[in-house]
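Here's the letter readout for the chains.
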Amino acid sequence: MSLTVKAYAKLNLMLDILSTLPNGYHDLFMVMQSVSLHDLVTLKQNAFGDIAVTCSDSAIPQGEGNLAHKAAQVFFDGTGLSCPGLSIHIEKHIPHAAGLAGGSADAAAVLVGLNRLFDAGLSDRDLVRLGAAIGSDVPFCALGGLMLAQYTGTVLSYLPPLPFGKIVVVKPDCAVSTGEAYRAFDTAERIRHFDRAGMLAGIMQGDMDGVCRRIDNVFEQFIDVPERVVIKGVMRRHFAQSACMSGSGPSVFGIFENEADAEEAARELRRSFKNVFLCDCVDKGCEIV
Ligand code: ATP
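Numbers given for residues are sequential positions, taken from 1 along each chain in its written order. This being a predicted model, a pLDDT of at least 70 is required before a residue's local features are given, and a value of 80 or more before pairs of side-chain atoms are given or counted; all residues contribute to the totals for chains, interfaces and linings. By convention in this description, side-chain values take in all heavy atoms of the structure and omit both hydrogens and water.

1. Topic: the packing of aromatic side chains
Phase 1: Only the six-membered ring of Trp is used, alongside the rings of Phe and Tyr, when aromatic pairs are assigned; centres must lie within 6.5 Å, and planes under 30 degrees apart are stacked while those over 60 apart are edge-to-face, with the rest tilted. A full pass over the atoms with the stated rule returns 6 aromatic pairs.
Phase 2: Aromatic side chains F75 and F118 sit 6.2 Å apart centroid to centroid with 45° between the ring planes, which places their arrangement in the tilted category. A residue pair is termed long-range when its members are at least 10 positions apart, and F75 in helix α1 (residues 67-79) and F118 in the loop between α2 (102-117) and α3 (124-132) qualify at 43 residues.
Phase 3: Here's how the labels work: a residue is buried when its accessible area is under 20% of the maximum for its type, exposed when over 50%, partly exposed in between, all with a 1.4 Å probe on protein chains only. Residue F75 is classed as buried on the basis of its relative accessible area of 0%.
Phase 4: Under the relative-accessibility criterion, F118 is labelled buried at 18%.
Phase 5: Plain terms: the ring middles of Y182 and F219 are 5.1 Å apart, the flat faces sit at 85° to each other, and that makes the pair edge-to-face. Strands are runs of DSSP state E lasting at least two residues, helices are runs of H or I lasting at least four, and both sets are numbered from the N terminus onward.

2. Focus on the nonpolar core
Phase 1: What is meant by a nonpolar core is a set of buried Ala, Val, Leu, Ile, Met, Phe, Trp, Tyr and Cys residues, joined one to another through side-chain atoms within 4.5 Å. Residues V31, I88 and L114 are the most contacted members of the largest nonpolar core, which totals 88 residues.
Phase 2: In this document the domain limits rely on a domain assignment from an automatic tool or a database. Counting contributing residues per domain, this core is built from domain 1 (2-159 + 284-288) and domain 2 (166-279), each supplying no fewer than three.
Phase 3: Look past the residues within four positions of V31 in its chain and what remains in contact with it is L11, N12, L13, M14, L146, M147, L148, L159, M199 and I203.
Phase 4: Counting residues in each nonpolar core, the second largest holds 15 residues, with M235, A265, A266 and F273 among its members. We call two residues contacting when some pair of their heavy atoms lies within 4.5 Å.

3. What to know about the site of the ligand
Phase 1: Any residue with a heavy atom positioned within 4 Å of a molecule or strand is treated as near that molecule or strand. N66, G103, D106, D137 and T178 are the nearest of the 20 residues found near the ligand.
Phase 2: Note that an oxygen atom of the ligand is positioned 2.9 Å from one of the backbone N or O atoms of G103.
Phase 3: N or O atoms closer than or at 3.5 Å make up a polar contact, with two conditions inside protein: a donor-capable atom paired with an acceptor-capable one, and, for residues adjacent in sequence, both atoms drawn from side chains. In this structure, a nitrogen atom belonging to the ligand sits 2.9 Å away from a side-chain N or O atom of D106.
Phase 4: Calculation on the ligand without its partners gives an accessible area of 610 Å², and the protein chains cover 80% of this total.
Phase 5: It is α2 that provides the largest number of residues to the shell around the ligand, a total of 4 residues.
Phase 6: In the shell around the ligand, the residues fall into 8 nonpolar, 8 polar and 4 charged. We get accessible surface area from the Shrake-Rupley algorithm with a probe of 1.4 Å; when it comes to residues, only the shown protein chains can shield them. Residues are grouped as follows: Ala, Val, Leu, Ile, Met, Phe, Trp, Tyr, Cys and Pro are nonpolar; Asp, Glu, Lys and Arg are charged; every other residue, Gly included, is polar.

4. Things to note about the pattern of salt bridges
Phase 1: Each reported salt bridge corresponds to a side-chain nitrogen of Lys or Arg within 4 Å of a carboxyl oxygen of Asp or Glu. Overall, the coordinates contain 13 salt bridges when judged by the stated rule.
Phase 2: A salt bridge links D39 to K92; its shortest N-O distance comes to 2.5 Å. Here K92 lies in the loop between β4 (86-91) and α2 and D39 lies in strand β2 (residues 26-45), a separation of 53 residues in the sequence.
Phase 3: The exposure class assigned to D39 is buried, which follows from its relative accessible area of 0%.
Phase 4: One network of salt bridges, with partners in common, ties together D39, K92 and D106.

5. Digging into the sheet that holds strand β9 (residues 242-245)
Phase 1: Pairing between two strands is assigned when DSSP locates at least 2 bridges connecting them. Strand order in the open sheet made by the 4 strands is β9-β10-β7-β11, with antiparallel pairing throughout. Looking at which strands have only one partner, the edges of the open sheet turn out to be β9 and β11 (276-279). Strand-to-strand twist across the sheet, computed as the mean angle between neighbouring axes with direction ignored, equals 20°.
Phase 2: Of the pairings in the sheet, the one linking strand β7 (residues 166-170) to β11 comprises 4 bridges and is antiparallel in character. Residue pairing in the sheet places I167 in a bridge with C279 of β11.
Phase 3: Seen against the sheet, helix α8 (residues 228-237) touches β7, β9 and β10 (252-256) and runs at an angle of roughly 10° to β10.
Phase 4: Across the sheet, helix α9 (residues 259-270) is in contact with β7, β10 and β11; its angle to β11 comes to roughly 170°. Throughout, an axis means a line fitted to C-alpha atoms (over the contacting stretch in the case of helices), and angles, computed between N-to-C directions, take values from 0 to 180 degrees.

6. Observations regarding the domain arrangement of the protein chain
Many analyses report the size of an interface as the accessible area lost when the parts associate.
Phase 1: For the protein chain, the domain assignment lists domain 1 (2-159 + 284-288) and domain 2 (166-279).
Phase 2: Taking the mean C-alpha position of each, domain 1 and domain 2 sit 23 Å from one another.
Phase 3: Residue-level contacts link 28 residues of domain 1 with 34 residues of domain 2.
Phase 4: What counts as buried area is the accessible surface, traced by a 1.4 Å probe, that two parts surrender upon association, with contributions from both included. Interface of domain 1 and domain 2: buried area, both sides summed, is about 2500 Å²; carbon and sulfur atoms make up 72% of it.
Phase 5: Counting the contacts that link domain 1 with domain 2 gives 1 salt bridge.

Right, dumping it as structure tokens:
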């Protein structure tokens, strides 16, 4: 038995950090959106008794170091089902260490795929609980669409979808460690927080201008991505409604009302950057194909 799951990347339309919790984690306020850029995660049941993970990108850990492996273990531990043997192959398209939650998306796809493959009957709530044991973006990636994620990313609320046009995502040629980004927050002297209530009101009212005006990411205040200004400049010149960094970076996305403007921006950005993606919003985090 085998199946393949699309694991969609996420963007942060708003990422604010409210405080550092006593356990060192952070109290977050994140408005997150799944987009059509995706990895393909194939799960195959076998009779060898163990979990094997391979990935098309040799820079990503294979085997136990891969978040997909951890997800399979969490699934079997959490459901009490015994593992007959499982091979997982990831066809990687989401750049890693990019602020796009590629690893979390793969882990979520394993949970969602195994739930189907083994007919385990896990509810969304169960997937969120198991996902939280893997990583803070995994619960969102298991459900996806447009959501508010609070606390450590594990308290999720559904939000109504918004009529976004096209989205251009650029991953500059540098990597940002999420751990270092949070350490930078912990030592930052002054933080400017965002109009969180206004963002939620804008979303609930379907006010695209209000939403686009409020898109922001606290990490932009203390994570240096030298290419960010150039990328945003190109996007704005092609009439992006908004342009912002995602997660702890370095990826930058632009939202375009008009498809032709997005294509023009992507064309210009491809002259300088090799990872440029033209995306749509999607209403789920994972999709069995
Ligand atoms: P986030 O937005 O959640 O911070 P990210 O996009 O910054 O995530 P990932 O793509 O999830 O970062 O990768 C972070 C690190 O996790 C990688 O450098 C890699 O070593 C490790 N990793 C483990 N499993 C995977 C996987 N399946 N895909 C990508 N990276 C993985």
